[in-house]
Each structure stands twice: as C-alpha cells, then as structure tokens.
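Descriptive structure summary
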Amino acid sequence: MSVNLLKMFACVLAVAACTQSEPPTEAIEAGKGLPEVYTVNYPLAYFAERIAGESVTVVFPAPPNVDPAFWSPDAETIADYQQADLVLLNGAGYAGWLQRATLSQSRLIDTSGAMTDQLIAVDDTVTHSHGPGGDNSHQDMAFTSWLDMEFAAGQARTVFGSLVRLLPENEPDYRERLHELEKDLGELDTRLKVVAERIGDQPLVFSHPVFQYLARAYELNGRSVHWEPDETPGDDQWRELFELLSAHNAAWMIWEDEPLPDTVSRLEGMGIESLVFRPCGNRPAEGSLVSVMLDNVMALERAFPAAAHQHWQ
Ligand SMILES: [Zn+2]
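Please read all numbers here as calculations on a predicted model, not as lab measurements. (Residues numbered from 1 in each chain as written. Predicted model: local features only at pLDDT ≥ 70, side-chain atom pairs only at ≥ 80, totals over all residues. Heavy atoms only, no water.)

Considering the nonpolar core
Heads up, the rule is: Within this scheme, the nonpolar core is defined by two criteria: the residues are buried Ala, Val, Leu, Ile, Met, Phe, Trp, Tyr or Cys, and they are joined through side-chain atoms within 4.5 Å. Residue exposure (1.4 Å probe, protein chains only): buried if accessible area is under 20% of the type maximum, exposed if over 50%, otherwise partly exposed. Residue contacts are counted whenever heavy atoms from the two residues lie within 4.5 Å of one another.
F47, W97 and F277 are the most contacted members of the largest nonpolar core, which has 84 residues in total. Here W97 is in contact with V40, W71, S72, P73, I78, Y81 and L103, once residues within four sequence places are set aside. Residues L245, A250, M253 and I272 belong to the second largest nonpolar core, which totals 13 residues.

Quick notes on the sheet that holds strand 1 (residues 36-39)
Stated formally: Two strands qualify as a pair provided that DSSP identifies no fewer than 2 bridges between them. Each helix is a run of DSSP H or I of at least 4 residues and each strand a run of E of at least 2, with the numbering of both proceeding from the N terminus. Where helices are involved, their axes are fitted lines through C-alpha atoms of the stretch in contact, as for all axes, and angles between N-to-C directions lie from 0 to 180°.
A sheet is described by the order of its strands in space; here 4 strands give the open sequence 2-1-3-4, paired in parallel fashion. At either end of the open sheet lies a strand with only one pairing partner, and these are strand 2 (57-59) and strand 4 (108-110). With direction set aside, neighbouring strand axes in the sheet form an average angle of 25 degrees. Two elements, strand 1 and strand 3 (residues 86-89), share 3 bridges in a ladder whose sense is parallel. Each residue of the ladder has a partner; that of Y38, found in strand 3, is V87.

So, the sheet that holds strand 8 (residues 273-276)
Read across the sheet, 4 strands follow the order 6-5-7-8 without closing on themselves; strand pairing throughout is parallel. Of all strands in the sheet, those bounded by a partner on one side alone are strand 6 (221-224) and strand 8. Sheet twist, expressed as the average angle between the axes of neighbouring strands with direction ignored, equals 30 degrees. Strand direction decides the pairing type here: strand 7 (residues 252-255) and strand 8, joined by 4 bridges, are parallel. Within strand 8, the position partnered with W255 by the bridge is V276. Against the sheet, helix 10 (residues 289-303) contacts strand 7 and strand 8, and its axis sits at roughly 155 degrees relative to strand 8.

Details of the pattern of salt bridges
Side chains that differ in sign of charge can pair as their charged atoms come close. Selection criterion: Whenever Lys or Arg places a side-chain nitrogen within 4 Å of a carboxyl oxygen from Asp or Glu, that contact is recorded as a salt bridge.
Scanning all chains against the criterion turns up 10 salt bridges. Residue R191 pairs with E301 through a salt bridge whose shortest N-O separation is 2.8 Å. Here R191, found in helix 6 (residues 171-199), pairs with E301, found in helix 10; they are 110 residues apart in sequence, far enough to count as distant. Members of the salt-bridge network, linked through shared partners, are E150, D189 and K193.

Section: the packing of helix 5 (residues 149-166) against helix 6
Threshold: Working definition: roughly parallel below 35 degrees, roughly antiparallel above 145 degrees, roughly perpendicular at 65 to 115 degrees, and oblique for all remaining angles. Here the nonpolar group is Ala, Val, Leu, Ile, Met, Phe, Trp, Tyr, Cys and Pro; Asp, Glu, Lys and Arg are the charged ones; every other residue, Gly included, is treated as polar.
Taken N-terminus to C-terminus, the directions of helix 5 and helix 6 make an angle of 170 degrees; their axes are 9 Å apart at the nearest point. The angle between helix 5 and helix 6 falls in the class roughly antiparallel. For the pair formed by helix 5 and helix 6, the contact residues are M149, E150, A152, A153, A156, R157, F160, L163 and V164 on the first element and E171, Y174, R175, L178, L181, E182, L185, L188, D189, L192 and K193 on the second. Residues belonging to the contact of helix 5 with helix 6 are distributed by class as follows: 13 nonpolar, no polar and 7 charged.

Now the structure itself:
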C-alpha cells in the first residue's frame, strides 16, 4: 500500500472515529475509490495484480470450485462486471456467459485480440456437464491459451497496455513490473522447452481437452480423452482410451488435477503413469499462477528426468 493511500485511510478512519456515525467497514470502502478491473479468469487477474500492484482493485469473482471457462455469474455479479472500469477477457470464446450479457464495449479488453491468428480451432462435439449451470460442451476454439508461456506473455502485455490507458501516470511502474512478470514466464518457458526436448515424440495422453496450447508450444505428441479427475471413468471412457492407445502407445497420462487413486491404479496396471499439470484457470488454494506452473514443470521434470550421467565431450 502506498504512503498516500495509508494517509488517506488514516484520515478516513480518524473522521469515522470522531463522528462515530459510520461503521468502520463503510469508512474503509469510502477510502478505496480505486479503479476496478474485473477479469474472467485467474491468470488475467494475476497479470493485472502483478502489473498494477495496489493502484487498482482487481476482482475475479468466480467461486473457487468452478472452472471459470464454463461458469455463469448470477445477475448481481454481472452487474458488478457492468460497472467495472476495465473487464479483461481471455478471448477464444472463453466464458460463454459474455455472449448473453451486455457489457460496455469500450471497457472490454480481449487479451488474445492481437494474437487471434494463433488461436487453435477445435472440433469437439462431446457434450458433458462442467458443473451446475455450466455450459455443457467445449467451444470452437481451444481457450487454455496461457499454457503457452509466450502466448501468456502476450496476454500480459495487452493487460499492461489497458492498465496504462486507465492510469497513464503509472506507466513506468507498470512497465517495470511487466518486465518482472515476463521474466518469470520466460523462465517457465525455457524449462518447459528443456523438458519437452527430453520428452521428444513420446506419446502422451491428456485427461481433458485443455492442453492444446501446451502441446503446440512445446511440441508434445499428446492426444486427449475427456475424463474428469474426480470421476470414475465409465466403460465407454476406458474403451475410448484403449482405442486411442492402439495407435498411440502412451506411458504417461497428464491430468488437470489429482486423479482418483482407483483410476491411477488401473492405469498403472496398463503401464500408464499419471502426472498432474494444473491449468490454473481458477485461483489456486495456495501459491500463484507462477508457483503452480513451476509445480507443473517440476512434475514433468520428475517424470522425464535428465540422464543421471552426463558425458560432456
Ligand atoms: Zn470438458
């Protein structure tokens, strides 16, 4: 928190203490007055928080137990989005509720807008539930774009640009923090490229069609089934996997979250190990986007270790 802001708080609280007419929470709210930046997923909230620091209020209102890609906010929350100074969108058809809501175009920022030629089209006609009130199928475009660290950095630069237009006087600070963020994403990118080099062409199975950008950016030979980590796969789903494996002899399955132990055992019996790579579309219980991505990278590094003995020529 800046010194000025602290002074402002102190003033507001002092006034509140003298008059004793207002409860302290209202006094604190009166002292806020910062521009509000709403986002449709956690990665964008993280980018805005990293770049803008305490100069704006970043709000990502989805509850922690939903996939924000398929979440539908209630009318009250949509009203909150409508009064925001900026709304950061992921693009690629992410958050279908946007098509049914009226938001001021001038405040909407499509963070993939400068990179639409790099979006990945998908042909996914499978319908299934993504939780209460959620849409029941994947869309025409793959949307987990931030799993390509270079694409993520591009989205972060668009977030930066929109924040600078909102508060131009903060550009030097924002630029410095953007560079720090780009450095973190760049380090993840490098480590992913190194481990991907070791993985090479080895066939992989993805548990859910959300790893398209990861696979493209790091040249992974992955094919996807449509399983949920917390649901026991049905006979049809196992059959689908057997069919896939007949042409794609994978030894690893990459999950978006911790799979059920019984599923892990049955896969092990088929010679398939499981590892978790969390897309982190929603706010993690612990850590940040970068720390979760680092955990993901380390899971890959453990699964595909560097040769124990390096023989340097
Ligand atoms: Zn799905």
